[in-house]
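Okay, here's what each chain looks like letter by letter:
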Amino acid sequence: MTFSIKQQIILIILCASLLLSALLLGLGLGLNAGVTTVLKRNEIFGEETEALPSTILDVNGVIITEFFSDEKREYIDINTLPKNLIYAITTREDSNFFYHRGFSVLGTLKAVAEIFLSGNIRGASTLTQQLAGNLYADRRDINLSRKLKELWWSYQMERQFTKKEILEKYLNKVPFGHNTYGVEAASEFFFDHSAEFNSVAESAMLVIQVANPSGVYSPFRNPDYAKDRQKYVLDQMIDHGLLDRDKAYLSLETYWNSFDWSKDNYSSAFYDRREDDKAPWFSEYIRNQLNELLLQSADFYRDGYMVHTTLDLKVQNAANRNIASELNRWTQVYNEDMTERISYVDESYTSLIDLLSLVFNIEGIRVAGSQDRMRARSQFFQDINPTIDILSKIFGLGDLNYVSNAAYGINKERTKQTTIQTALITLGNEDYNEGYITAMIGGSQFSRTNQLNRAMDAQVSPGSSFKPLYYSAAISSRIVTPATQLQDKPYSFKNADGTFYTPYNYKGTWEGTVLLRHALATSMNVPSIQVMEKLGFDRAIERAAALLGIDDPAEIERIFPRVYPLALGIIRTAPVNMARAYATISNYGKVVEPFGIRYIEDRDGNIILNPEKDLRNELSRSNRQVMTPQEAYIMINLLHSTVMEGTLRYPTNFGRITPGIQLGGKTGTTQNWGDAWTCGFSPYYTTVIWAGFDEKGSTLGIHLTGSTATGRAWGNYMEEIHQGLEPKIFPRPDSGLVDVENCTLSGQIPTDSCPRTRTEIFLSGTEPQQFCQQHSFYAEQSEEKSTQLKGNFALEGVDTNTYDSSLDSFDDFLHDMDLDIDIHDDEEESRSNNGSINSSFLD
């Protein structure tokens, strides 16, 4: 007998229902005897244990910091809470709360199916189940047993308590983010007043925190996202007939118009850590990780966990020293550039612009005394506005407070545009510490108002440091080799929409015919776009996404535009993703996943979570290889050239900063010098450093590039952390690679006429098969041209006898004479430039 698909699904659901009923009955018989006693003993819903801080340890067992809490749970009677808060919490979390008996049958079946299909538990919990889970179940357990415990205790709680009592316990117990527990403490933190005075918009803001108390919906952390979810809850309440639309939107507008932008971003109300936190950016990252791993039932501020992390404080201290020193230098250079620009404007254009302002009555363009106005503006924000803020709060002057808050908001935006921020992340490259985050810096200075971890969360353009990602795909596809000939000259590329893109190199210089190795090492733009053109967008994007760890098709479509500026790194990504990409290349193409927590012990020394073991097992099972070891080795070899002869040669003293230890890397500088990058590796570590501004549009200036700013920081830092380590190079794969001597101009097998050669590495089967045609042609033609040109010079009395008749020597002679005489057949094409938009990324 056969069943249709629909009948099979119905049969599965019936079987699951019967199994669930049987399990519930058995569990009920076993637990019924002790239920009443437990519930009576927990009339305040949960017994308290002694609070112990959680200790965060580095890879060597040295204490980084401790997380502890001085929270106060301010209990509030449900009768004093506004109805809009009750409506908001039930609308968002459990719209049938007043009608069910503790659980939803349909929701439970969905959860059971989810467990069997994917091993996850997602949603489907009523308010009663959420409270039961916090009190009586371990919400870290992602299994059917935990779900059944929640169901059982939910049912018993519904028997013992009224709906109002359950809701009151829930609102006073659950976390609301920023280490606040209970709606009263949360209201005091978020709005500076009791929950009984919450507006409907404030209530909506509170209830979205319950879904993710780690701060994803925090108005201080992600205001746009928080506002979107807040409006969604209000719309739900409107749809359910619980709220008038006009009143809801008026409340929403009022909330954001009076929002206190001066409140500490990423701050926590009653949370703290040791004052001597040795790695605050990393500690904050670990705190967010714990929020995700331990779920709501675990309170790591009080439960005394020992968190064993990947950080190496010796490496971290070196990062702290070098970045602090370089930040001072960057800021000094930036300020000098800004002063020079302003002085130039005042001296050269002030009179003209102010004349235009007076003649045409345009106040906004007046620039006279611009430096004086800058000093006055700075004094207002630093000295006067804080006083206004204090007075407005003491005397309750609402209008004055509004002005102060607005000024804080303006000053915050100005700071984003003028304060150089930075990020550093270092990953371990050896077998025992592969993927370990060994050092992390997330900004200029960690403070209550500056906790955005740019190493993990910033979305910034990588510029030319993006190039190796798709170069690797071109090597893998065999369409290019390190000796492929490319043209470095003005050229316009036609995008699919018919528009033309005309890039330029740094300082607008051109070298003509170059080989791929040299083009990548010196970060040439036109040759790089030629590589992407040969490769095609599909393969370039596929490889870049794989290296950056992006696998969602919709996200790939959003991040990677199919236009030629993509070749110069116009996407936005986080430094940690770039570190992942470079670490994967240095790991011979095998995926490296950065992580920070090795394992977690409870207060009794039991290992309750082992993220490192889980990750290692997953990587071993999946065996994700982005490129073959041979292809990766060629990329390692190419990026070593950046250190030896490219944009990192001076910051690394031609690789001498780490004697006997091989280095490879790439710099990047985005349009208008807005971002500076250096990404690179050794056999021991991969390090990525970024510098720029939180607000796009600002410029570091031409004196702070990927080479001169982050490159220098990278070189100094890598030199320090490699001191005392054994010499080590990247071993060459045993097979699949060949070495062939080639002409450095044509990339082909050299002839006797080729002036310079080098031994190049190739994937087997891609090595050059032809002798150099370029120099065999020149050998035949150069003597004739040389004789003719020398004859012309002789007529003018020029002595050419001191110059050899070989091509290179005669080229030198022409250069010395400063004569624009072409002896290359393709020069005419290079003279044309359909030119225009300079969207180039510079190094």
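For every chain, the first residue of the written sequence is number 1, and numbering continues from 1 onward in sequence order. Given that the model is predicted, a residue must reach a pLDDT of at least 70 before its local features are reported, and side-chain atom pairs must reach 80 or more before they are shown or counted; all residues, however, enter totals for whole chains, interfaces and linings. Note that the side-chain values use all heavy atoms of the structure and ignore hydrogens as well as water.

1. Thoughts on the overall build of the protein chain
- A count of helical and extended segments in the protein chain gives 28 helices and 17 strands.
- A simple rule labels every residue: compare its accessible area, found with a 1.4 Å probe on the protein chains alone, to the largest value its type can have, and call it buried under 20%, exposed over 50%, or partly exposed in between. In the protein chain, which comprises 843 residues, the share counted as buried stands at 51%. For the purposes of this entry, the term helix denotes a DSSP run of H or I that reaches at least four residues, the term strand denotes a run of E that reaches at least two, and both are numbered from the N terminus.

2. What to know about helix α24 (residues 629–645)
- Its 17 residues place the ends of α24 24 Å apart at the C-alpha level, agreeing with the 24 Å of an ideal helix rising 1.5 Å per residue.
- The buried count for α24 comes to 12 of 17 residues, which makes it a mostly enclosed element.
- Residues of α24 that are buried: Q630, E631, A632, Y633, I634, M635, I636, L638, L639, S641, T642 and V643. Multiplying 1.5 Å by the residue count of a helix minus one yields the expected span of that helix.

3. Section: the pattern of salt bridges
- Any carboxyl oxygen of Asp or Glu that lies within 4 Å of a side-chain nitrogen of Lys or Arg is treated as forming a salt bridge with it. Under the definition given, this model contains 21 salt bridges.
- Notably, a salt bridge pairs E593 with R624, separated by 3.3 Å at the nearest N-O pair. With E593 in the loop between α22 (575–586) and β11 (597–601) and R624 in the loop between α23 (611–622) and α24, this pair connects stretches of sequence that are 31 residues apart.
- Overall, R624 belongs to the partly exposed group, its relative accessible area being 32%.
- Between E612 and R598 there is a salt bridge whose closest N-O contact spans 3.7 Å. Placement of E612 in helix α23 and of R598 in strand β11 is noted, with a sequence separation of 14 residues between them. Note on accessibility: E612 and R598 belong to one class, buried.
- Several salt bridges share partner residues, and in doing so they unite R580, E593, E618 and R624 into one network.

4. Structural notes on the state of the cysteines
- Cysteine sulfur atoms are paired as a disulfide whenever they fall within 2.5 Å. According to the stated counting rule, one finds 0 disulfides in the structure shown.
- C772 provides the cysteine sulfur closest to C754, a residue in no disulfide bond, and the two sulfurs are 3.6 Å apart.
- Overall, the relative accessible area of 10% leaves C754 in the buried class.

5. Structural notes on the nonpolar core
- We define the nonpolar core as a collection of buried residues of types Ala, Val, Leu, Ile, Met, Phe, Trp, Tyr and Cys that are connected through side-chain atoms lying within 4.5 Å of one another. Counting 128 residues, the largest nonpolar core has F282, L290, I425, M440, Y470 and F560 as the members making the most contacts within it.
- Note on contacts: a residue pair is in contact if any heavy atoms of the two residues lie within 4.5 Å. Here F560 is in contact with F466, I541, A544, A545, L548, I550, L566 and I571, once residues within four sequence places are set aside.
- With 50 residues, the next largest nonpolar core counts I78, V207, V210 and L243 among its residues.

6. So, the sheet that holds strand β13 (residues 664–669)
- A pair of strands counts as paired when DSSP detects no fewer than two bridges linking them. Strand order in the open sheet formed by 5 strands is β6-β5-β15-β14-β13, with antiparallel pairing between adjacent strands. Lying at the two open borders of the sheet, with one neighbouring strand each, are β6 (437–441) and β13. Adjacent strand axes in the sheet meet at a mean angle of 5°, parallel and antiparallel pairs treated alike.
- Running at roughly 35° to strand β14 (residues 676–681), helix α25 (residues 706–721) makes contact with β5 (421–428), β6, β13, β14 and β15 (685–692) of the sheet. To obtain an axis, a line is fitted to C-alpha atoms, over the contacting stretch when the element is a helix, and the angle between two such axes runs from 0 to 180 degrees between their N-to-C directions.

7. Examining the environment of N716
- Here N716 lies in helix α25.
- Sequence separation between N716 and I657 is 59 residues, and the spatial gap between their C-alpha atoms is 8.1 Å.
- Sequence-distant contacts of N716, defined by excluding residues within four places in its chain, comprise N322 and E326.

8. Focus: the pairing of β14
- Most of β14 sits inside the fold, with 6 of its 6 residues counted as buried.
- Side-chain alternation along β14 places A676, T678 and G680 on one buried face and W677, C679 and F681 on a second face that is also buried.
- Summarising the sheet, β13 and β14 pair through 6 bridges and their orientation is antiparallel. The residue bridging T669 from the neighbouring strand is A676, located in β14.
- With antiparallel pairing between neighbouring strands as the criterion, β13 and β14 make up a hairpin whose turn holds 6 residues, including N672 at a positive phi of roughly 60°.
- The pairing of β14 with β15 spans 6 bridges and is classified as antiparallel. Bridge assignment links F681 to a residue of β15, and that residue is T686.
- Taking the residues between adjacent antiparallel strands as the criterion, β14 and β15 are bridged by 3 residues.

9. Structural notes on the packing of aromatic side chains
- Each Phe, Tyr or Trp ring, with Trp reduced to its six-membered ring, pairs with another whose centre is within 6.5 Å; inter-plane angles below 30 degrees give stacked pairs, above 60 give edge-to-face pairs, and intermediate values give tilted ones. Summed over the entire model, instances satisfying the criterion amount to 25 aromatic pairs.
- Ring plane angle 45° and centroid distance 5.2 Å describe the contact between F537 and Y564, whose orientation is recorded as tilted. Taken together, the positions of F537 in helix α20 (residues 537–548) and Y564 in the loop between α21 (553–559) and α22 put the pair 27 residues apart, joining distant regions of the chain.
- What makes Y564 buried here is its relative accessible area of 11%.

10. Some details on the environment of Y249
- Mapping Y249 onto the fold places it in helix α10 (residues 245–257).
- Since its relative accessible area comes to 30%, Y249 is described here as partly exposed.
- Between the C-alpha atom of Y249 and that of D235, which follows or precedes it by 14 residues, the distance is 9.3 Å.
- Excluding its chain neighbours within four sequence positions, the residues that come into contact with Y249 are K231, D235 and I238.
- For Y249, the side chain forms a polar contact with the side chain of D235, separated by 2.7 Å. What qualifies as a polar contact is a pair of N or O atoms within 3.5 Å, subject to a donor-acceptor requirement within protein and to the restriction that residues adjacent in sequence count only when both atoms come from side chains.

11. Re the side chain of T128
- In this structure, T128 sits in helix α4 (residues 127–136).
- Residue T128 is classed as buried on the basis of its relative accessible area of 0%.
- Aside from chain neighbours lying at most four places away, what touches T128 is F97, H100, G102, S154, M157, E158 and I166.

12. Description of the pairing of strand β1 (residues 54–57)
- Of the two faces of β1, the one holding S54 and I56 and the one holding T55 and L57 are both buried throughout.
- Across 3 bridges, β1 lies against strand β4 (residues 306–309) in parallel orientation. Bridging across to β4, L57 finds its partner in H308.

13. Focus: the packing of helix α8 (residues 200–211) against helix α9 (residues 223–239)
- Where α8 meets α9, the closest approach of the two axes is 9 Å, and the angle between their N-to-C directions is 115°. Looking at the two axes, α8 sits roughly perpendicular to α9. The two elements α8 and α9 cross, and the hand of that crossing is right-handed. Note on element contacts: α9 touches α8 through A226, R229, Q230, V233, L234 and M237, opposite V200, A201, E202, A204, M205, V207 and I208.
- Classification convention: Asp, Glu, Lys, Arg as charged; Ala, Val, Leu, Ile, Met, Phe, Trp, Tyr, Cys, Pro as nonpolar; all other residues, Gly among them, as polar. Counted by class, the contact of α8 with α9 contains 10 nonpolar, 1 polar and 2 charged residues. Any angle that falls under 35 degrees is termed roughly parallel, while one over 145 is termed roughly antiparallel, one within 65 to 115 roughly perpendicular, and all others oblique. Helix crossings are classified by the rotation of the near helix relative to the far one: an anticlockwise turn of less than a right angle makes the crossing left-handed, while a clockwise turn makes it right-handed.

14. Overview of unusual backbone geometry
- With a phi close to 55°, N653 is a non-glycine residue in the positive phi region.
- Here N653 lies in the loop between α24 and β13.
- Not every positive phi belongs to a glycine, and N672 is a case in point at roughly 60°.
- Mapped onto the secondary structure, N672 falls in the loop between β13 and β14.

15. Describing the confidence of the model for the protein chain
- Per-residue confidence from the predictor is given as pLDDT, running between 0 and 100. Per-residue confidence for the protein chain gives a mean pLDDT of 80; residues scoring 70 or more make up 70%.
- Here residues 31–48 is a poorly scored stretch, pLDDT under 50, and it has 28 contacts once near neighbours within four places are set aside; other chains count.
- Ignoring residues within four places in sequence, the model shows residues 393–397, a span with pLDDT below 50, making 3 contacts including any to other chains.

16. Considerations on α20
- Along its 12 residues, α20 runs 16 Å from first to last C-alpha, staying within 8% of the 16 Å computed at 1.5 Å per residue.
- On its buried face, α20 is in contact with α17 (467–476), α19 (525–535), α21 and α22.
- Positive backbone phi, at 85°, marks G549, one or two positions downstream of α20.

17. Re the packing of helix α2 (residues 83–93) against helix α6 (residues 163–173)
- At a minimum axis separation of 12 Å, α2 and α6 run at an interaxial angle of 85°. Regarding the angle of α2 to α6, the classification is roughly perpendicular. Counting all contacts with α2, which are made through I86, I89 and E93, the residues of α6 involved are L167, Y170 and L171.
- Class assignment for the residues of the contact of α2 with α6 results in 5 nonpolar, no polar and 1 charged.

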